[in-house]
Structure formats: structure tokens, C-alpha cells
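# Architecture at a glance
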Amino acid sequence: MAVGNGRVQRLWQAMTIAGDDFIDMVRYLIIGSMLAATMQTFVPQSTLIAFGSGPVTSVIAMMVLAFVLSICSTVDAFLALSFVNTFTTGSILSFLVFGPMVDIKSALMFLGVFRRRVVLYLILLPLALTMLITIFINLNLGW
Amino acid sequence: MKQTIKNILLIALGIFLLSRLLNGTLSFYIHPRFNVLTLLTAVGLTALGLGYAIQQRRAAAHAHANTSNDHDHEHEHAHVHSHDVSWAGLFLLSLPVVLGLLVEPRPLGASALQNREINIGTDVSLTSASAPEGSELSIVANAGERNILDWLYLFQRSTDPASFNGEEAHVIGFVYRDDRFTDAQFMVSRFTVSCCVADAAPIGLIVEWPDTAVLTADSWVEVTGTIQARTFNGIEIPVLIADSVLPTETPSQPYLYQ
């Protein structure tokens with residue numbers, strides 16, 4: 001069959017695989033983006049901020065905010081800076097550390113590829129470790 | 001059938017992105033530095049859709065005409081159908097295009113402000129402090145050409161904000177008001193965007209203007225007046241004493257970029 005010589009065919013194969021992967025993944029991206037947009041639109045930042053100013057609650061509030069906002073890691077520092085004066089250091093740190101690792105979009109995309117248990121670890125481990133360390137910082141280091 | 005819809009959706013998505021890029025409404029959603037990447041995406045998606053279609057047609061023609069080279073045939077046939085998409089998957093894939101066509105593109109406005117903290121000077125310096133070297137040069141020397149971000153930035157960097165008192169200012173932004181403002185005050189606001197609208201942060205200048213009653217919230221205005229430094233919560237912020245407030249068109253680039 002005259003589909004072409006080896007190189008053209010391989011290039012074509014690479015492209016179709018990329019295309020198939022795109023279609024596989026884009027659904028999770030679309031659902032995740034819609035969820036994140038809904039959260040951003042209907043959950044005012046002030047409610048989350050009002051939720052906590054204590055050493056523990058502030059960390060929880062900022063981690064929820066990081067998850068809800070789903071903004072990219074290159075700019076979350078800018079956003080975090082606007083909370084510096086009103087929030088504890090540990091909670092700002094938790095926002096910066098937890099946000100890039102876990103957000104709505106990536107959690108859904110993980111679910112599409114890995115087994116459920118793996119995804120659970122991928123979310124729970126960063127959650128638990130970030131929370132422990134930043135709360136420790138809040139309670140024990142007077143930054 | 002599903003394959004054909006998938007191909008059409010891919011091509012439609014490519015064309016949709018391209019049209020958003022060409023008519024400039026893409027900048028309502030993402031930073032212009034992604035324009036080249038968006039162009040590449042649009043080309044790639046269209047090529048992929050067309051490629052699938054060609055491959056499908058070939059495989060079909062092959063199935064009809066060829067019985068001698070069975071191995072080759074089966075291989076190709078199997079590949080075309082190996083990644084069958086579900087109807088739900090197709091529906092999701094169609095969402096960006098369908099929503100994009102149904103919902104008129106619109107930049108963030110005053111309604112999005114209610115969910116965020118507005119910035120009147122405290123945070124701009126912090127953000128700008130991490131800007132690359134030489135960004136100081138980007139501050140417009142001519143007072144009349146400074147935008148809202150320039151003014152806030154200038155006030156943050158300055159050791160003596162009062163020295164700007166009386167300088168003429170001319171800025172464009174949308175009208176924002178809430179309970180904190182008196183009848184003779186409003187805020188002329190813009191959103192700054194670093195990456196995409198998900199990280200959009202509102203900034204604004206407080207404007208003193210006796211006729212705020214005639215202004216509609218969220219409408220775009222052109223404010224001309226003089227700058228006056230005022231102390232607010234312990235920090236010096238610029239207040240614009242307006243000489244004129246004129247309605248204007250939404251700028252083609254509604255956001256400001258740091």
C-alpha cells in the first residue's frame with residue numbers, strides 16, 4: 001500500500017498518537033477548567049479569607065484557595081504577595097507549595113490516567129505534608 | 001460517524017482559536033505572550049483533524065479495494081478504531097467551540113470585582129519589585145500618558161508621593177463603586193493580568209467627581225484631572241481630582257500587563 005515510506009509513516013503515527021492523547025486528556029482539562037471557573041465566579045475570595053486567621057485555620061483557608069483558584073505556578077507568587085499582610089507566613093507558604101502540586105484540573109487529569117488510589121496519594125500526601133510543615137512553622141517559628 | 005464528528009470538532013476548534021486570535025478577543029482571556037502558541041495550536045488542531053479524515057478515507061478505500069495484503073490492511077484498520085471516542089467525550093470536546101459561539105466574548109468587568117480585593121496601592125509595589133531589571137525605565141515620563149498601573153507603581157516607588165501633587169493625569173478604566181465611596185467618589189479601575197484571567201487582579205484610582213450619579217457601574221470612562229496624594233490606612237495613595245469624566249469605548253486591550 002502506498003501510504004508512504006517508513007519515515008513519513010512514522011511521523012504520521014507520532015501525530016495521530018499525539019492527537020489521540022490530546023483528545024483523551026482534553027476532557028479532563030475542560031471539566032476541570034469549568035469547575036475552576038465556577039468556583040472563581042461564585043466563591044468570593046473574602047469568604048475564604050474570613051474563614052481563618054489562626055495558625056491552623058489560615059493554612060487550611062489558603063490551601064483551599066490554592067485548590068480553588070487553579071492558577072499557574074508562575075504567577076501564584078504575585079497573588080500570594082497580596083495576602084502577605086493579612087495572612088500568616090505558614091499559610092502563604094502552604095499556598096505557594098500546595099497550589100502548583102494540586103489543583104482541580106490536574107486532579108481530574110490524574111484520574112484519567114492513574115488508578116484512583118494513586119491519585120488519592122498524589123493529593124493526600126502533598127496535602128498532609130504541606131499542612132503539617134506550614135502549621136509547624138506557624139506555631140514554632142516566629143516568622 | 002463518531003470519527004467524522006471528531007475530525008470536524010478538531011478542525012472547528014482550530015478555526016475557533018484562530019478567529020479569536022485574529023479578532024483580538026483572545027486577549028480577553030489570556031496574556032498576549034501566548035499568541036504565537038495559540039497560533040501553533042490552531043494550526044496543529046486543524047492539521048490533525050484533516051489528517052484523521054485523510055487516514056480514515058484511505059483506510060476505507062483500502063478495505064474496499066484490497067484483499068491481497070491482509071496484514072497491512074488489518075494493522076491500519078485496527079489503528080483507526082483503536083481510540084474510539086465516546087459520545088460524552090465528543091460532547092466535552094465540542095463545549096469550547098459551542099460555548100465560544102454562544103457566549104459573546106467580554107472582558108472582566110466590575111461584576112468580577114466583587115469576588116476579589118481591589119488594589120489601591122498596597123500591593124502593586126510588591127508585584128513590581130519582582131519585575132525584571134530595567135522595568136523602572138518602563139514608567140512613562142509624560143504624566144498625561146501614564147495609565148492606572150503606572151500611577152500606582154510610581155506612588156509605591158516614590159519616597160515623596162506629594163511631589164506628584166498637581167500633575168495632570170489622563171486615564172481610562174471602568175467605573176466601580178461600592179458602599180465605601182461617598183457620593184462624590186468612584187473608582188476608575190482596570191484588571192491586571194499576568195498569565196490568564198484566572199489570576200486577574202483589579203487595581204484602581206479613586207476619583208473625586210461631583211457628578212457620580214450619572215455614571216453607570218462597569219461603563220468605560222476617560223478621566224482627566226490632577227493627581228493629589230492622600231493618606232489612606234497609613235499609606236499614600238494617588239487620588240484623581242477630575243476635571244472631566246467622559247464615556248468611552250471599551251479599549252481593545254482591556255487589561256494592563258505588569
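The shown structure was predicted, so the numbers you read here are calculated from the model rather than taken from an experiment. (Residues numbered from 1 in each chain as written. Chains lettered and ligands numbered in written order. Predicted model: local features only at pLDDT ≥ 70, side-chain atom pairs only at ≥ 80, totals over all residues. Heavy atoms only, no water.)

### Brief notes about the overall build of chain B
Within chain B one finds seven helices and six strands. For chain B, the α and β elements follow one another from N to C terminus as α-α-α-α-α-α-α-β-β-β-β-β-β. Buried positions account for 45% of the 258 residues belonging to chain B. Contacts spanning at least 24 positions in sequence make up 70% of the contacts within chain B whose residues lie at least 6 apart. Looking at chain B as shown, the accessible area adds up to about 13200 Å², and 59% of this sits on carbon and sulfur atoms. (Helix = DSSP H or I, 4+ residues; strand = E, 2+ residues; numbered from the N terminus. Buried < 20%, exposed > 50% of the residue type's maximum accessible area, 1.4 Å probe, protein only. Contact = heavy atoms within 4.5 Å. Areas by Shrake-Rupley, 256 points an atom, 1.4 Å probe, with all protein chains shown as cover.)

### Digging into the pattern of salt bridges
Tallying each qualifying case throughout the model produces four salt bridges over all chains. Where D20 of chain A meets K6 of chain B, a salt bridge forms, and the shortest distance between an N and an O atom there is 3.9 Å. Of this pair, D20 of chain A sits in helix α1 (residues 6–42) while K6 of chain B sits in helix α1 (residues 2–22), on two different chains. An identical accessibility class is assigned to D20 of chain A and K6 of chain B; each is buried. R27 of chain A is paired through a salt bridge with D24 of chain A; the nearest N and O atoms lie 3.0 Å apart. A residue pair is termed a helical-turn pair when its members lie 3 or 4 positions apart in one helix, as R27 of chain A and D24 of chain A do in helix α1 at three residues. (Salt bridge = Lys/Arg side-chain N within 4 Å of Asp/Glu carboxyl O.)

### Some remarks on the packing of aromatic side chains
One pass over the full model with this rule turns up six aromatic pairs over all chains. Note on F110 of chain A and F114 of chain A: the rings are 6.0 Å apart at their centroids and 40° apart in plane angle, and the pair reads as tilted. A relative accessible area of 38% means that F114 of chain A is categorised as partly exposed. Between F174 of chain B and W220 of chain B the ring centres are 5.6 Å apart and the planes differ by 70°, which places this aromatic pair in the edge-to-face class. Here F174 of chain B is found in strand β1 (residues 168–176), whereas its partner W220 of chain B is found in strand β4 (residues 220–232), with 46 residues between them in sequence. Comparing F174 of chain B with W220 of chain B, the two get one shared label, buried. Ring-pair connections join several aromatic residues into one group, and the members of that group are W151, F155 and F164 of chain B. Just above the ring of W151 of chain B sits the side chain of R146 of chain B; from NZ or CZ to the centre is 4.8 Å. (Phe/Tyr/Trp six-rings, centres within 6.5 Å; stacked < 30°, edge-to-face > 60°. Lys NZ or Arg CZ within 6 Å of the ring centre and 35° of its normal.)

### Looking at unusual backbone geometry
With phi around 75°, D218 of chain B is a residue other than glycine that occupies positive phi space. With respect to the element layout, D218 of chain B can be found in the loop between β3 (201–208) and β4.

### With respect to the nonpolar core
Residues and elements named next belong to chain B. Residues W151, F186, V188 and V223 are the most contacted members of the largest nonpolar core, which totals 26 residues. Mapped onto this core, the elements with two or more residues apiece are α7 (148–157), β1, β2 (185–192), β3, β4 and β5 (235–247). Counting residues per element, this core draws most heavily on α7, at six residues. When sequence neighbours within four positions are dropped, the list of residues in contact with V223 reads A169, H170, V171, F186, V188, V207, L240, A242, S244 and V245. Ranked by size, the runner-up nonpolar core spans 18 residues in total, among them L10, L45, V85 and L92. (Core = buried A, V, L, I, M, F, W, Y, C linked by side-chain atoms within 4.5 Å.)

### Let's talk about the packing of helix α3 (residues 57–69) of chain A against helix α7 (residues 116–140) of chain A
All names here are of chain A. Direction vectors running N to C along α3 and α7 enclose 140°, while the axes themselves pass 9 Å from each other. In terms of orientation, α3 and α7 fall into the oblique class. Crossing angle aside, the handedness with which α3 passes α7 is right-handed. Taking contact as the criterion, the partners of S58, V59, I60 and M63 in α3 are, on α7, L127, T130, M131, T134, I135 and N138. Residue composition of the contact of α3 with α7, grouped by class: six nonpolar, four polar and no charged. (Axes fitted to C-alpha atoms, helices over the stretch in contact; angles between N-to-C directions. Parallel < 35°, antiparallel > 145°, perpendicular 65-115°, else oblique. Left-handed = near helix turned anticlockwise from the far one by under 90°. Nonpolar A, V, L, I, M, F, W, Y, C, P; charged D, E, K, R; others polar.)

### Observations concerning the environment of A65 of chain B
Relative to the elements of secondary structure, A65 of chain B occurs in helix α2 (residues 35–65). Through-space distance from the C-alpha of A65 of chain B to that of K2 of chain B is 23 Å; in sequence the pair is 63 residues apart.

### Quick word on α1 of chain A
Residues lying three or four places apart along an α-helix face the same way, a consequence of the helix completing one turn every 3.6 residues. Helix length check: α1 of chain A (37 residues) gives 53 Å between terminal C-alpha atoms against 54 Å at 1.5 Å per residue, within 8%. At M25 of chain A, α1 of chain A is bent by approximately 30°, the largest bend along its length. (Expected span 1.5 Å × (residues − 1). Bend = angle between axes of the 7 residues up to and from the residue.)

### Comments concerning the confidence of the model for chain A
Confidence in the prediction of chain A, expressed as mean pLDDT, is 82, and 93% of residues score 70 or more. For chain A, per-element mean pLDDT is lowest for helix α2 (residues 45–51) of chain A, which scores 71, and highest for α7 of chain A, which scores 92. (pLDDT = per-residue confidence, 0-100.)

### Focus on the packing of helix α6 (residues 104–113) of chain A against α7 of chain A
Residue and element names in this part refer to chain A. Relative orientation of the contacting elements α6 and α7 amounts to 155°, with a least axis distance of 8 Å. Here α7 runs roughly antiparallel to α6, going by the angle between their axes. The handedness of the crossing between α6 and α7 comes out as right-handed. In this structure, α6 contributes A107, F110 and L111 to the contact, and α7 contributes R116, V119, L122 and I123.

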